[in-house]
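Given next are the chains, with one letter for each unit.
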Amino acid sequence: MKTEKTSAPKIDSPAPRFSLPSDSGAEVSLRDLEGKWVVLYFYPKDHTPGCTREAIGFEGAAAALKKKGAVVLGVSRDSIPTHCSFKEKQGLHFPLLSDPKLDVHMLYGAFGDKMMYGKKIKGVIRTTALVAPDGKLAKLFSNVKVDGHADKVLEAIDELGKG
């Protein structure tokens, strides 16, 4: 799938700040997570096959990520009730954030033109931003392939954490 995305932030620059509602009813702000690795993954839609596999992959890696001081946040345009249903059905333990107007998606280059079945459309571009404990964008994964992605994020934290 080819994509033309909105402009993404630059690596080693401050990660774009945001505050979004989570499935718990609380607002989650990037500012509140300074001092931790933040895995901010953008996905198209709850209860769909690829998004389910990606969420389950992050859930399976949760203990290893926590051990590295990382927090996982899933972001889609879905509503809080839909997130709650998805989270319960899949047994997820990390926050799912709702970005219905795509504001945060746009900040991270996770929405734009893409090709789907040979047709150009606008939509969510599966993207993961890895924010370092100092609040800077450490790595950006674009056009993510869901299978094995959580392992790639773990490897990136290992590599970047050595620097």
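Remember, predicted model here, so these are calculated numbers, not experimental data. (Residues numbered from 1 in each chain as written. Predicted model: local features only at pLDDT ≥ 70, side-chain atom pairs only at ≥ 80, totals over all residues. Heavy atoms only, no water.)

Visitor: How should I be thinking about the side chain of Ser22 in this particular structure?
Guide: Structurally, Ser22 is set in the loop between strand S2 (19–21) and strand S3 (27–29). Aside from chain neighbours lying at most four places away, what touches Ser22 is Val28, Ile80, Pro95, Leu96 and Leu97. (Helix = DSSP H or I, 4+ residues; strand = E, 2+ residues; numbered from the N terminus. Contact = heavy atoms within 4.5 Å.)

Visitor: Help me understand the pattern of salt bridges in this model?
Guide: A side chain with one charge can pair with a side chain of the opposite charge if their charged atoms come near. Inspection of every chain in the model, using the stated rule, returns eight salt bridges. Close ionic contact of Asp113 with Lys120 constitutes a salt bridge, the shortest N to O distance being 3.9 Å. Relative accessible area serves as the criterion here: at 53%, Lys120 is assigned to the exposed category. Here Asp113 and Lys122 are joined by a salt bridge, their closest N and O atoms 2.8 Å apart. Several salt bridges share partner residues, and in doing so they unite Asp113, Lys120 and Lys122 into one network. (Salt bridge = Lys/Arg side-chain N within 4 Å of Asp/Glu carboxyl O. Buried < 20%, exposed > 50% of the residue type's maximum accessible area, 1.4 Å probe, protein only.)

Visitor: It is not clear to me how unusual backbone geometry should be interpreted in this structure. Could you clarify?
Guide: Most peptide bonds are trans, and most residues other than glycine sit at a negative phi. Of note, His47 is a non-glycine position whose phi angle comes to about 65 degrees, a positive value. Among the secondary structure elements, His47 is positioned in the loop between strand S4 (37–42) and helix H1 (49–60). With a relative accessible area of 36%, His47 lands in the partly exposed category.

Visitor: Please clarify how the nonpolar core should be interpreted in this entry.
Guide: It is characteristic of soluble globular proteins that their nonpolar side chains tend to be buried jointly. Ranked by internal contacts, the top residues of the largest apolar core, which has 25 residues, are Val39, Tyr41, Phe58, Leu65, Phe94, Val153 and Ile157. At the level of elements, S4, H1, strand S5 (70–76), strand S10 (137–141) and helix H5 (149–161) are the ones that each hand at least two residues to this core. Element by element, the count of residues in this core is highest for H5, at five residues. If we skip the residues at most four places from it in the chain, Phe94 touches Asp23, Tyr41, Ala55, Phe58, Glu59, Val72, Gly74 and Lys87. Judged by nonpolar contacts, the second largest core, of 19 residues, contains Phe42, Leu73, Tyr108 and Val131. (Core = buried A, V, L, I, M, F, W, Y, C linked by side-chain atoms within 4.5 Å.)

Visitor: Where do I start with the pairing of S10 in this structure?
Guide: Residues in a regular strand point their side chains to alternate faces of the sheet. Here strand S9 (residues 127–131) runs beside S10; their pairing, made up of four bridges, is antiparallel. Opposite Val131, over in S10, you have Leu137 as the bridge partner. Hairpin remark: S9 followed by S10, antiparallel, with five residues in the connecting loop; positive phi at Gly135, about 85 degrees. (Pairing = 2+ DSSP bridges.)

Visitor: Is there a simple way to think about the pairing of S4 in this case?
Guide: The buried count for S4 comes to six of six residues, which makes it a mostly enclosed element. The side-chain alternation of S4 yields two buried faces, one formed by Trp37, Val39 and Tyr41 and the other by Val38, Leu40 and Phe42. Pairing between S4 and S5: six bridges, direction parallel. Its bridge partner lying in S5, Trp37 is registered against Ala70. The pairing of S4 with S9 spans five bridges and is classified as antiparallel. Residue pairing for S9: Phe42 is matched across the bridge by Thr127.

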